[in-house]
Amino acid sequence: MSMQRAVNVIIMLCLPMLAAAQDAGRIFPESDTSKIYTVGGDRHGVSFFRKVKHEHVNYDTASAVSFDKFHSAEVIYSYMRRYAKEYPDLVELYEIGRSYEGRPIYQMTLTNKKTGKATDKPAAFFEGNRHSGEVTSSESVLWLMNHLISGYGWDAEITKILDKDAIYLRPINNPDGHNLYMNTAQSNRSTVRPYDQDGDGLLDEDSPEDIDGDGRILRMRYKDPKGDYVIDPRDASGRVMKFVGAGKGDYKVVAEGIDHDGDGRVGEDGIGGLDLHRNYPENWRPIAESTGRGWTQGGAGEYPLSESETRAVFSFLLTNPNIYVVNSMDTSVPMHLRPPSTSKSEDRMYPEDLKWYERFDAIGKSITGYEKAGDVYYDYSNGGSQPLFGHGPDFGYFYYGAIWYGDELWDNGRPKEDLNGDGEKDELDQLIWDDTENDGKGFIEWKETVHPTYGKVETGGWDPKFFRQNAPSKFVEKWAKNEALFNLEMIKHLPELEWKGLDVKKIKSYKGDSVDYRVKITYRNVGKLPTALKQADLVKIVKPDRFNIEFTDTVPRYKVLDSTLNYPRGQRNFGGFAPVVATETVRRRFYKEVGYAQGESDNSLEFKVRVYGKGSLGVKAALSTTRAGILPEKVFIIQSDE
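Let me begin by describing the structure that accompanies this report. Sequence order sets the numbering: in each chain, residues are counted from 1 along the sequence as written. With pLDDT at 70 or above as the cut-off, local features in this predicted model cover only qualifying residues; side-chain atom pairs require 80 or more to be listed or tallied, and sums for whole chains, interfaces and linings still use all residues. For the side-chain quantities, the full set of heavy atoms in the structure was used; hydrogens and water were omitted.

Points about the overall build of the protein
Alright, step 1. From N to C terminus, the protein includes 14 helices and 28 strands.
Alright, step 2. Taken along the three principal axes of its C-alpha coordinates, the protein extends 110 × 60 × 60 Å.
Alright, step 3. Think of it in three bands: residues with accessible area under 20% of the maximum for their type are buried, residues over 50% are exposed, and the middle band is partly exposed, with areas taken using a 1.4 Å probe on protein chains only. When burial is assessed residue by residue, the protein has 56% of its 642 residues classed as buried.
Alright, step 4. Residue pairs at least 24 apart in sequence account for 73% of intrachain contacts in the protein once pairs closer than 6 positions are excluded.
Alright, step 5. In short, Shrake-Rupley with a 1.4 Å probe defines the accessible areas, and a residue's cover is counted only from the protein chains shown. For the protein, the accessible surface area stands at approximately 27,100 Å², while carbon and sulfur atoms represent 49% of it.
Alright, step 6. Side-chain charges of the protein comprise 84 positive and 99 negative groups, with the mean position of each set lying 9 Å from the other. Numbering of helices and strands runs from the N terminus, with a helix taken as a DSSP run of H or I at least four residues long and a strand as a DSSP run of E at least two residues long. Note on contacts: a residue pair is in contact if any heavy atoms of the two residues lie within 4.5 Å. Residues scored as positive are Lys and Arg, those scored as negative are Asp and Glu, and His as well as the terminal groups of each chain are ignored. To locate a charge, the coordinates of NZ of Lys, CZ of Arg, CG of Asp or CD of Glu are taken.

Considering the sheet that holds strand E28 (residues 630-640)
Alright, step 1. Strand order in this open sheet of four strands is E25-E23-E27-E28, and the pairing throughout is antiparallel. At either end of the open sheet lies a strand with only one pairing partner, and these are strand E25 (588-593) and E28. Adjacent strand axes in the sheet meet at a mean angle of 20 degrees when their direction is disregarded.
Alright, step 2. For two strands to be treated as a pair, DSSP must find at least two bridges joining them. Note that strand E27 (residues 615-624) and E28 share nine bridges and pair antiparallel. Following the sheet pairing, Lys 620 is matched in E28 by Val 635. Axis definition: a line fitted to C-alpha atoms, over the contacting stretch in the case of helices. Angles run 0 to 180 degrees between N-to-C directions.

Regarding the packing of helix H3 (residues 136-151) against helix H13 (residues 476-491)
Alright, step 1. At a minimum axis separation of 8 Å, H3 and H13 run at an interaxial angle of 60 degrees. In the crossing of H3 with H13, the sense of the turn from one axis to the other is right-handed. Two secondary-structure elements touch here, H3 through Thr 136, Glu 139, Ser 140, Trp 143, Leu 144, His 147 and Leu 148 and H13 through Val 476, Glu 477, Trp 479, Ala 480, Lys 481, Glu 483, Ala 484, Leu 485, Asn 487 and Leu 488.
Alright, step 2. Amino acids are sorted into nonpolar (Ala, Val, Leu, Ile, Met, Phe, Trp, Tyr, Cys and Pro), charged (Asp, Glu, Lys and Arg) and polar (every other residue, Gly among them). Of the residues contributing to the contact of H3 with H13, the split by class is nine nonpolar, four polar and four charged. Each crossing gets its handedness from the near helix: less than a right angle anticlockwise from the far helix is left-handed, clockwise is right-handed.

Here we look at the pairing of strand E13 (residues 323-328)
Alright, step 1. The buried fraction of E13 amounts to six of the six residues, a majority that puts the element mostly inside the structure.
Alright, step 2. Where strand E7 (residues 123-127) lies against E13, five bridges are found, and the strand directions are parallel. From the neighbouring strand, Phe 125 faces E13, where its bridge partner is Val 326.
Alright, step 3. Sheet topology places E13 next to strand E17 (residues 403-405); three bridges connect them, and they run parallel. Along E17, the bridge assignment pairs Val 326 with Trp 404.

Quick word on the sheet that holds E17
Alright, step 1. Pairing within the open sheet is mixed, and its six strands lie in the order E5-E6-E8-E7-E13-E17. Where the open sheet ends on each side, the last strands, each with one partner, are strand E5 (91-98) and E17. When the angles between neighbouring strand axes are averaged without regard to direction, this sheet yields 15 degrees.
Alright, step 2. Of the strand pairs in this sheet, E5 and strand E6 (residues 104-110) are connected by seven bridges, and their pairing is antiparallel. Bridge assignment links Tyr 94 to a residue of E6, and that residue is Gln 107.

A closer look at the environment of Phe 48
Alright, step 1. As for its placement among the helices and strands, Phe 48 is situated in strand E2 (residues 48-50).
Alright, step 2. Judged by its relative accessible area of 3%, Phe 48 falls in the buried class.
Alright, step 3. Residues Phe 48 and Thr 184 lie 136 residues apart in sequence; the distance between their C-alpha atoms is 9.7 Å.

Side note on the environment of Gly 238
Alright, step 1. Mapped onto the elements of the fold, Gly 238 is located in the loop between strand E10 (229-231) and strand E11 (241-243).
Alright, step 2. Classification of Gly 238 as buried rests on a relative accessible area of 16%.
Alright, step 3. With 142 residues separating them along the chain, Gly 238 and Tyr 380 place their C-alpha atoms 34 Å apart.
Alright, step 4. Leave out the neighbours within four places in its chain, and Gly 238 touches Arg 221, Ile 231 and Trp 446.

Focus: helix H6 (residues 308-318)
Alright, step 1. Along H6, eight of the eleven residues are buried, which leaves the element largely enclosed by surrounding structure.
Alright, step 2. For H6, the full list of buried residues reads Ser 308, Glu 309, Thr 310, Ala 312, Val 313, Phe 314, Phe 316 and Leu 317.

A closer look at the nonpolar core
Alright, step 1. Take the buried residues of types Ala, Val, Leu, Ile, Met, Phe, Trp, Tyr and Cys, join any two whose side-chain atoms come within 4.5 Å, and each joined set is a nonpolar core. Of all hydrophobic cores here, the largest spans 78 residues; its most connected members are Ile 167 and Ile 403.
Alright, step 2. Once residues lying within four places of it in the same chain are set aside, the contact partners of Ile 167 are Met 108, Thr 109, Leu 110, Ala 124, Phe 126, Leu 148, Ile 161, Leu 162 and Ile 491.
Alright, step 3. Listed in part, the 30 residues of the second largest apolar core include Tyr 523, Val 560, Leu 617 and Val 619.

Some thoughts on the pattern of salt bridges
Alright, step 1. In what follows, salt bridge is the name for a side-chain nitrogen of Lys or Arg lying within 4 Å of a carboxyl oxygen of Asp or Glu. The full count for this structure, using the stated rule, is 39 salt bridges.
Alright, step 2. When the shortest N-O distance is used, the salt bridge between Glu 55 and Lys 441 registers 3.8 Å. With a gap of 386 residues between them, Glu 55 in the loop between E2 and strand E3 (57-58) and Lys 441 in the loop between helix H11 (427-437) and strand E19 (443-451) connect regions that are remote in the sequence.
Alright, step 3. For Glu 55, a relative accessible area of 48% puts it in the partly exposed group.
Alright, step 4. Connected through shared salt-bridge partners, Glu 30, Glu 101, Arg 103 and Asp 176 make up one network.

Digging into the packing of aromatic side chains
Alright, step 1. When two rings of Phe, Tyr or Trp (its six-membered ring) have centres within 6.5 Å they constitute a pair, described as stacked for plane angles under 30 degrees, edge-to-face for angles over 60, and tilted for the intermediate range. Inspection of every chain in the model, using the stated rule, returns 34 aromatic pairs.
Alright, step 2. Consider the rings of Phe 551 and Tyr 558, whose centres lie 5.0 Å apart with planes at 45 degrees: the pair is tilted.
Alright, step 3. An aromatic cluster is built from Tyr 370, Trp 410, Trp 433, Phe 443, Trp 462, Phe 467, Phe 475 and Trp 479, whose rings are joined through pairwise contacts.
Alright, step 4. Think of it as a cone above the ring: NZ of Lys or CZ of Arg counts as a charge over the ring if it is within 6 Å of the ring centre and within 35 degrees of the ring normal. The ring of Tyr 350 has Lys 534 sitting right over it, with the charged end atom 5.2 Å from the ring centre.

Concerning helix H10 (residues 392-399)
Alright, step 1. Counting buried positions over the eight residues of H10 gives seven, a clear majority of the element.
Alright, step 2. Immediately downstream of H10, the backbone of Gly 401 shows phi near 65 degrees, a positive value.

Topic: the side chain of Gln 430
Alright, step 1. Residue placement: Gln 430 occurs in helix H11.
Alright, step 2. Relative accessible area serves as the criterion here: at 5%, Gln 430 is assigned to the buried category.
Alright, step 3. Here a polar contact means two N or O atoms within 3.5 Å. Within protein one must be a hydrogen donor candidate and the other an acceptor candidate, and residues neighboring in sequence count only if both atoms are side-chain atoms. Side-chain polar atoms of Gln 430 contact the backbone oxygen of Gly 413, separated by 2.8 Å.
Alright, step 4. Look past the residues within four positions of Gln 430 in its chain and what remains in contact with it is Asn 412, Gly 413, Arg 414, Pro 415, Trp 462, Phe 467 and Arg 468.

This is the structure in structure tokens:
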């Protein structure tokens, strides 16, 4: 019996006692002192795994943040708590939701609180680790967090950003999956909610296992008359396997583990399987449908937003519509990935909005060096061969009207050059790169072990966590930093408003009794993005830019002409007159919506007012927008000498 199986049997006997203890104290397995990691949920397979400390992961908080290794969830949270304590004027840390297993999901708001509330400013939101094993994305959010906080007050550009904008950072949206990934050999991708991945009616019944006990779940190869692999004759080291077809090879190559359900496959139904990136309401499709002829989407969940982790994103965004730019990051392609996910860009997107996405595509590639940038449907899915439903980028643009990317970090170690000169860029070149640049840590040498079913087998192959799915720790900062710098560049495009001025023109006098004036108040969007995308206006996630006007006067009376300003609801309309004596200060409130200001452009409010007698008419103006924040009140004076 393997070590893993022996541990599972022992723990099954202790299940009631352990479950009761966990429920009573809410001590999650990553924080207890046992050697066993227990996963929540009722499943047909095991929920207990030996704890592992990976060499690529830092499990202890240091005096300063470094990116030579990945960080466990608790270490990331400890840095967030430290920042909140040390920078109270910049940082707000809070719990934004709870995971499937009940873990808190932490989020940070970064802005200079002395320059205004976060909700009164243009904003960006960056999220990592929606997919549990794609932890490079968490490191990118942490890198940006550290870069912004440490740069404030020292770097003029960062200081300006945090003075005028709000940045929301959620490094780990799936803490259940992150902790399972970092503390066991399991290489899960989804949430830990039990799920039937292989369609046999059983939940999580066939998790892969660490047969050789080295803390990794690798590949197994073993001799078999019906084998479909041979050792690639081009590889003198004997590491690379070549598929040659059923019955034509010497070896079977499968996942490390045991065929628990007897279906001839190993490790095909491990922990979880739902996909938080298929759980959004825009274009959601069910996992199965009744006719057998409609579109379906694997991993979609029972219904849109069925998963608490997705709802935590959805609810926050809908209650904070000042958020304009989003990147919810994954691994590994790499690619700057954006909507649409079910059609070509030009078929569904407003041309003016698409131009912004194409601009960011180009900016992203110039910063990160990714070869690909574009939409999910055509550029990612091989010309529309595989649409994705319930996808985050589609929700982000079509439902929420934002610039929303779902970028993929890390290149899976794909070779960029023909290093051995054989005319191909393939796994042999990958090996050369790993040996020369990665100290040979990406490929684990085949070694013999005993399998309870197959007898003698060899385990080995590419490291599934820190080569295939994520960058090796030696390279994590490069990938995290470059992606963070792309996100920072998107922040720099947020709209930014400033008052430009007042223009008053006398248009008519009435025999010394009164004068009509045309008044024009102008503001400028000095930022690059407009105050709203066209799609945002279409779905009414935003309101048009709105002037709020309040008159203060020493003139006997005045009248707003031609309904050029509107009265707020509930305010009585006295025919536009303010019948008062000259010494009394009177305030009258009006408003006017003026559409949206394009980037680096002016927008104005014009109205006509008739002023009776001599004196000054003060015009107190404020500007309110959904995605560009607010402009504080400014008083303009109309002086009447008639």
